[in-house]
Amino acid sequence: RSTLFPYTTLFRSRDNYKDRTLLRNDVCLWISKQTNLPYTVSGEFVELVWNGKHMGNYYLCEQIRIDNHRIDIHDPNLEEPEKGGYFMRIDAFLGYSDPKWADKGTDLGFWSTQYKVPYIFKDPDEDENGVMLTTKSPAYTYMYNYVKDMEAAIYKLKTDNNSSDWKKYLDPYTAVDFALIQEMTMNHDAYNTWPKNGPKSTYMYKDSAGPMCFGPMWDYDYHTFTLYGDFEYGNTTWNSTENQRLYQWEIMKMTNKGGTYYFSDLKRNPEFKALLIERWNALKVVWKNDFENYVDEVADKIRLSESYNKELWGYPSRENGDWQLTFDEAIKALKQAFNKRWKWIDDNIGKL
């Protein structure tokens, strides 16, 4: 979070070193903006100059928060928590104690009872006097019980796939659009099982009288649109092996990493599945028609910046499998991954 710009967040290319193209966050947010999600973060590529020294290519984007122009819900109500709004982050670092990640595990939250999903309080997280909420705060108790009831309703689909109880707790429209964005982008964080089973960088919100909603989208710098084999830390060689994640469901089945999540049961429900297919048939058209043009447009916009940025910071890490490619080759690989993924989903979504 930037101290220079208190209402924004900076994605630095050095912090964002996993992305050879520098584009993944931006183009994935473009994908989100084509959906019906009420709010998607906006951002711009900028050149950062610090004390007269050029520091490279940055992505300057909005900070996610409750706001009339962002997450448009009621402010939290700590005295009557059922009347307020809630903004939650799902993050598997909750409670993580490894010193390397010490700052990530200390937030207030809970691991849900049925699906073991890690919920962290973003807002509310403190009262009007700046006193941090605790596990004994009414807001904590309210949201803990709400999630417990929501998960029980989703879990019921295992034995009664026609049950509609889950819709009392979870908004089907944001859930479907969220799922399709994660599947289309191959977003690793959406189904991550490290350091524990549970996603990271995932957000949900709930207004006073409304159901839980997925969104907004956030953090797509690695393991998205990965054409070549997934690489982890420590790899020193590169090869052109095609990534098999292009041809499997991610959060819809969770079979590839053994985790649990809501969508493997939600897809049992005929109403949810029908809505999923309906939304895919609508979204796939604009995604297919405009994605490559948008990528080319933004790539041309930052081409000179990227060359200076690479000179400053060198090659990125290896997670996207494209670190040894030129900028143009990495852009081409990103588009190829999109097209292969798009075709596979289109061929297989009716078989879920």
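Below or above, wherever it landed, is the structure these notes cover.

Cut-off values and rules
Residues numbered from 1 in each chain as written. Predicted model: local features only at pLDDT ≥ 70, side-chain atom pairs only at ≥ 80, totals over all residues. Heavy atoms only, no water. Helix = DSSP H or I, 4+ residues; strand = E, 2+ residues; numbered from the N terminus. Buried < 20%, exposed > 50% of the residue type's maximum accessible area, 1.4 Å probe, protein only. Contact = heavy atoms within 4.5 Å. Pairing = 2+ DSSP bridges. Axes fitted to C-alpha atoms, helices over the stretch in contact; angles between N-to-C directions. Phe/Tyr/Trp six-rings, centres within 6.5 Å; stacked < 30°, edge-to-face > 60°.

So, unusual backbone geometry
Then, in step 1: Residue Asp-123 is joined to Pro-124 through a cis peptide bond whose omega torsion reads 10 degrees.
Then, in step 2: Assignment of secondary structure puts Pro-124 in the loop between strand E6 (118–123) and helix H2 (138–155).
Then, in step 3: In this model, Gly-215 is joined to Pro-216 through a cis peptide bond whose omega is -5 degrees.
Then, in step 4: By the element assignment, Pro-216 lies in the loop between strand E8 (212–214) and helix H4 (263–266).
Then, in step 5: In this structure, Ser-201 is a non-glycine residue whose phi angle is positive, near 55 degrees.
Then, in step 6: Within the secondary structure, Ser-201 is located in the loop between helix H3 (172–185) and strand E7 (202–206).
Then, in step 7: Taking the relative accessible area as the measure of exposure, Ser-201 reaches 16% and is therefore buried.
Then, in step 8: Even without a glycine there, the phi angle at Asp-219 is positive, about 75 degrees.

Details of the environment of Met-186
Then, in step 1: Within the fold, Met-186 resides in the loop between H3 and E7.
Then, in step 2: Relative accessible area serves as the criterion here: at 0%, Met-186 is assigned to the buried category.
Then, in step 3: On a C-alpha basis, the gap between Met-186 and Ile-251 in space is 9.3 Å, while along the polypeptide they are 65 residues apart.
Then, in step 4: When near neighbours in sequence (up to four residues on either side) are disregarded, Met-186 contacts His-223, Thr-224, Phe-225, Thr-226, Asn-243, Arg-245, Leu-246, Glu-250 and Arg-341.

Some thoughts on the pairing of E6
In summary, the side chains of a regular strand alternate between the two faces of the sheet.
Then, in step 1: One ladder, built from four bridges, connects strand E4 (residues 86–90) with E6; its direction is antiparallel. Paired with Phe-87 across the two strands is Asp-123, which belongs to E6.
Then, in step 2: Across three bridges, strand E5 (residues 109–111) lies against E6 in antiparallel orientation. In the strand pairing of E6, Phe-110 is matched with Tyr-119.
Then, in step 3: Linkage of E5 to E6, two consecutive antiparallel strands, is achieved through a turn of six residues, within which Lys-116 is found at a positive phi near 55 degrees.

Let's talk about the sheet that holds E7
Then, in step 1: Read from one edge to the other, the open sheet built from five strands follows the order E5-E6-E4-E7-E8, with strand pairing classed as antiparallel. The sheet is open, and its two borders are formed by E5 and E8, each paired with just one other strand. Taken over all neighbouring pairs, the strand axes of this sheet differ in orientation by 30 degrees on average, direction set aside.
Then, in step 2: Relative to E8, E7 runs antiparallel, the two sharing three bridges.

Details of the packing of aromatic side chains
Then, in step 1: Under the criterion given, the structure shown has 29 aromatic pairs.
Then, in step 2: Pairing Tyr-115 with Tyr-155 gives two aromatic rings, centres 6.0 Å apart and planes at 75 degrees, and the pair type is edge-to-face. Placement of Tyr-115 in the loop between E5 and E6 and of Tyr-155 in helix H2 is noted, with a sequence separation of 40 residues between them.
Then, in step 3: Classification of Tyr-115 by relative accessible area gives buried; the value is 4%.
Then, in step 4: For Tyr-155, a relative accessible area of 35% gives the class partly exposed.

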